[in-house]
Amino acid sequence: MKEQYNHFINPYNFIALEDGCIRKDYSQEKDKENLTGYIDCELTTKTDLIIPDKEENGVHPFFEIDGKPVIPGSELRGVIRSKFEALSNSCLSTSDPQLSFSGRSGPFKNVGYFNTKNGHLYKSEGYRLTNSFDIKYTGNGVEINHELYKYGDHVYFNYVNQIIKKKKTKKTKRVTEISKKEKLSCEGYIIIGENDFNNKRKVAIVPKSNQVEHINNEDNILEMLETELKQYRDERINKHLGTTHTGYKSVNFENEIIPCYYYFVDNYAYVSFAISGRIAYNRKLDELLDVKNNITTSYQACSSKDSLCPACHLFGTVSGNDLKVPSRVRVSDALLEGQAQLKEAVRLVLANPKYSNAAFYLNLKRNNKKENIDLFNADFVAGKNKGMHSLNVSDVTIRGRKEYWHYPNDKVSVHINSENKNVASNLTPLVKGSIFTFKVYFNNISQQELDQLISTIDLEGNPDLCYKIGHAKPYGYGSVRIDVKHIYKREFDTQTLEYALKEYHLEDESFEHVFNRIRGKHTFNDVRKMADFNTITDYIKGHNNTAFSYPFNDFNDGKAFDWFTQNVSKNTDGEGTIKYALPFVQDDLALKAFEKKDQGKKKKYKKR
């Protein structure tokens with residue numbers, strides 16, 4: 001029997017950033033950093049776990065050393081550091097400050113071309129070819145009357161004015177002759193499209209024209225086009241499109257001319273390779289991490305030894321050639337206790353983060369609404385009522401630190417369909433209830449750092465709070481509980497006059513007397529909710545017809561794209577609203593699907 005769901009809880013959410021990253025100069029605290037030893041830890045899998053090794057015969061086996069399942073220390077160190085960063089209000093150490101945001105936009109009502117040599121944008125028109133041409137599309141461009149043309153090639157052409165049949169009073173310009181060498185009445189450049197939603201590809205001529213004046217970001221246009229082209233050519237993103245997708249293979253930035261479509265928002269030009277295509281935004285992640293317009297409090301990765309966040313000071317960091325802070329924490333591989341119990345391989349789709357999804361990854365400040373929000377992105381708002389206008393950096397921020405909810409993996413339905421079957425992987429899970437042991441070594445750290453480290457590793461000793469590790473987290477895999485069992489601290493023995501490791505047991509009264517648990521001031525409530533194995537499970541018990549899932553309209557077809565399409569309402573100028581944004585951690589977490597209604601050959605949706 002098929003499941004009937006009309007609501008879903010997105011697999012991930014975000015721990016909000018605070019008012020600014022904490023940083024200071026630790027050079028005066030060296031005398032306090034005198035604790036060395038290690039922490040014995042026990043890890044229990046609360047759900048099935050997937051740590052894939054290299055593919056063998058079409059299947060990724062569980063990662064092993066000497067024939068026994070192992071969780072690499074690097075994996076554990078990464079997730080422990082991530083939690084430590086959240087609890088200590090530290091920087092986002094793995095963030096790429098030059099990360100570009102992109103998305104699909106349009107319609108682009110202007111067509112022209114960008115000159116890569118002089119750095120100027122030119123306004124033009126698009127002249128389509130008449131039906132008299134013999135046109136054949138290839139991976140390298142297009143053959144017109146058996147002659148190969150590539151994107152941006154200089155051409156000569158003639159054209160005529162034709163009346164559009166459906167609009168008898170409107171004329172359009174159609175190319176009747178084209179040549180690379182023979183000088184005809186006009187000059188221009190060729191633009192070649194990808195397949196559109198009707199599986200049609202178009203070729204047009206962009207005539208030579210005049211430069212566009214008063215552009216605030218003209219020096220950034222080439223970079224924007226390069227960013228878009230990387231997206232179009234990324235196989236991980238476009239693999240489901242099949243062989244008809246070429247990724248604008250014939251575009252070459254060494255050419256002088258790059259034809260493009262564009263529009264303006266407050267004198268900023270936004271360019272694309274298609275009328276309704278992908279665009280790159282001006283603003284990069286570094287601006288969105290700088291919440292106070294002050295580099296000392298920015299959540300960018302630390303860049304100065306004189307101003308370090310608590311996590312970089314303890315776990316170390318490397319930034320360019322200038323900053324090298326050694327780590328004072330090392331994590332061993334986690335070794336399985338007992339016999340391995342592996343399941344048969346499961347087929348899952350592992351996707352990349354969609355940073356361009358503003359409704360889920362970005363937040364308009366001073367906006368606490370979940371429904372009917374003005375359409376926006378990292379750069380500007382395109383609302384129905386106020387039109388398009390640029391956003392100040394103080395108006396938009398990232399959602400925060402990404403975390404996955406915890407829930408049983410056997411409660412999640414996996415959908416393999418025509419859209420994602422080419423990117424699915426066969427992965428081998430280890431059963432829940434498996435136990436691993438590992439050590440966390442610390443060297444020359446302070447008492448406060450040790451307290452914070454212990455509180456982070458076992459999440460304040462709360463047995464319900466878990467980490468997420470490994471692959472397939474959105475499907476419920478990878479929930480693990482880490483418990484601190486013993487601590488060995490190097491201490492000076494006044495009788496032997498030598499250093500020796502003193503053991504502290506978790507059960508002993510001396511443990512809590514010596515080691516104080518320190519809670520993050522503001523963020524711990526969000527961390528607790530995101531880490532609690534029972535939060536979502538209990539929540540969903542009170543919400544009938546609600547699934548753990550990425551967005552869907554028809555739960556059984558597993559196509560998230562349809563939901564995101566219906567979630568945006570646009571007018572002909574590209575202005576509109578976002579119907580649903582990702583709820584905040586403290587909010588009602590369920591989002592609605594859209595009900596599918598068949599109307600002839602077209603499928604339309606309405607809110608359920």
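Note that the structure is a prediction, hence the values are computed from the model and not measured. (Residues numbered from 1 in each chain as written. Predicted model: local features only at pLDDT ≥ 70, side-chain atom pairs only at ≥ 80, totals over all residues. Heavy atoms only, no water.)

**Student:** Would you mind going over the overall build of the protein chain with me for this structure?
**Tutor:** Of the regular secondary structure elements, the protein chain holds 11 helices and 42 strands. Counting across all 608 residues of the protein chain, residues that qualify as buried make up 50%. Sequence separation of at least 24 residues holds for 74% of the intrachain contacts in the protein chain that already meet a minimum separation of 6. (Helix = DSSP H or I, 4+ residues; strand = E, 2+ residues; numbered from the N terminus. Buried < 20%, exposed > 50% of the residue type's maximum accessible area, 1.4 Å probe, protein only. Contact = heavy atoms within 4.5 Å.)

**Student:** What's the story with the pattern of salt bridges in this structure? I'm lost.
**Tutor:** Pairing is possible between side chains that carry opposite charge, provided their charged atoms lie close to one another. For the structure shown, the criterion picks out 18 salt bridges. With a shortest N-O distance of 2.6 Å, Lys24 and Glu29 are connected by a salt bridge. Using a relative accessible area of 36% as the deciding quantity, one classes Lys24 as partly exposed. Within this structure, Lys30, Glu33, Arg328 and Glu449 form a network of salt bridges that share partners. (Salt bridge = Lys/Arg side-chain N within 4 Å of Asp/Glu carboxyl O.)

**Student:** Before we go on, may I ask you to explain the pairing of strand β35 (residues 479–493) in this structure?
**Tutor:** Regular strands place side chains that alternate from one sheet face to the opposite one. As defined by bridge partners, strand β3 (residues 35–45) adjoins β35 across nine bridges and the pair is classed as antiparallel. Its bridge partner lying in β35, Leu43 is registered against Ile482. Note that strand β34 (residues 467–468) and β35 share two bridges and pair antiparallel. Looking at the pairing, Tyr467 lines up with Val480 of β35. One ladder, built from eight bridges, connects β35 with strand β36 (residues 498–505); its direction is antiparallel. (Pairing = 2+ DSSP bridges.)

**Student:** Got a minute to help me understand the sheet that holds strand β40 (residues 591–592) in this structure?
**Tutor:** Sheet strands associate in pairs through backbone hydrogen bonding, adopting either a parallel or an antiparallel arrangement. The strand order β37-β1-β40 describes an open sheet built from three strands, whose pairing is mixed. Sheet topology places β37 (546–548) and β40 at the edges, where each strand pairs with a single neighbour.

**Student:** Honestly, the sheet that holds strand β16 (residues 203–207) in this entry has me stumped. Any pointers?
**Tutor:** The strand order β9-β14-β13-β15-β16 describes a closed barrel built from five strands, whose pairing is mixed. Adjacent strand axes in the sheet meet at a mean angle of 50°, parallel and antiparallel pairs treated alike. In this sheet, β16 lies alongside strand β15 (residues 186–192) in antiparallel orientation, the contact comprising five bridges. Across the sheet, residue Gly188 finds its bridge partner in β16, namely Pro207. (Axes fitted to C-alpha atoms, helices over the stretch in contact; angles between N-to-C directions.)

**Student:** Teacher, can you tell me more about the environment of Ser479 here?
**Tutor:** Along the chain, Ser479 falls in strand β35. Here the side chain of Ser479 touches His406 through a polar contact of 2.7 Å, side chain to side chain. (Polar contact = N/O pair within 3.5 Å; in protein donor to acceptor, adjacent residues only side chain to side chain.)

**Student:** What's the story with the side chain of Asp48 in this structure? I'm lost.
**Tutor:** When you line up the elements, Asp48 lands in the loop between β3 and β4 (64–65). Classification of Asp48 by relative accessible area gives buried; the value is 4%.

**Student:** What should I look at first to understand a nonpolar patch on the surface in this one?
**Tutor:** Together, Phe492, Leu497 and Tyr499 make up a nonpolar patch on the protein surface, roughly 370 Å² of accessible area in all. With respect to the helices, strands and loops of the structure, Phe492 is situated in strand β35. (Patch = residues over 30% accessible without salt bridge, like charges linked within 9 Å, V, L, I, M, F, W, Y side chains within 5 Å. Areas by Shrake-Rupley, 256 points an atom, 1.4 Å probe, with all protein chains shown as cover.)

**Student:** Explain the environment of Lys592 here, please?
**Tutor:** Structurally, Lys592 is set in strand β40. Taking the C-alpha atoms as reference points, Lys592 and Thr546, separated by 46 residues in sequence, lie 9.0 Å from one another.

**Student:** Whenever I open this one, unusual backbone geometry confuses me. Can you help?
**Tutor:** It is generally the case that most residues other than glycine have a negative phi and that most peptide bonds are trans. With phi around 55°, Asp66 is a residue other than glycine that occupies positive phi space. Within the fold, Asp66 resides in the loop between β4 and β5 (68–71). Judged by relative accessible area, Asp66 falls into the exposed class, the value being 80%. For Tyr248, which is not glycine, the phi torsion reads 50° and is therefore positive.

**Student:** How should I be thinking about the pairing of strand β28 (residues 380–383) in this particular structure?
**Tutor:** Covered by surrounding structure in β28 are Phe380 and Ala382 together with Val381 and Gly383, the residues of both alternating faces. The pairing of β28 with strand β29 (residues 387–390) spans four bridges and is antiparallel. Paired with Phe380 across the strands is Ser390, a residue of β29. Counting the residues between successive antiparallel strands, the hairpin from β28 to β29 contains three residues.

**Student:** Help me out: how do you make sense of the environment of Pro551 in this one?
**Tutor:** Tracing the backbone through its elements, the reader meets Pro551 in the loop between β37 and α11 (560–566). Spatially, the C-alpha atoms of Pro551 and Trp563 are 6.0 Å apart, while their sequence positions differ by 12 residues. Once residues within four sequence positions are removed from consideration, Pro551 is found in contact with Phe8, Asn10, Phe360, Lys559, Ala560, Trp563 and Phe564.

**Student:** In this structure, what is going on with the packing of helix α1 (residues 73–87) against helix α7 (residues 447–457)? I would like to understand it.
**Tutor:** The geometry of a pair of packed helices is captured by two quantities: the angle between their axes and the separation between those axes. Following both chains from N to C, one finds α1 and α7 inclined at 115°, their axes separated by 9 Å at the closest point. When the axes of α1 and α7 are compared, the crossing they make is right-handed. Mapping the contact onto sequence places Ile80, Lys83, Phe84 and Leu87 in α1 and Gln452, Leu453, Thr456 and Ile457 in α7. Grouping the constituent residues of the contact of α1 with α7 by class yields five nonpolar, two polar and one charged. (Left-handed = near helix turned anticlockwise from the far one by under 90°. Nonpolar A, V, L, I, M, F, W, Y, C, P; charged D, E, K, R; others polar.)

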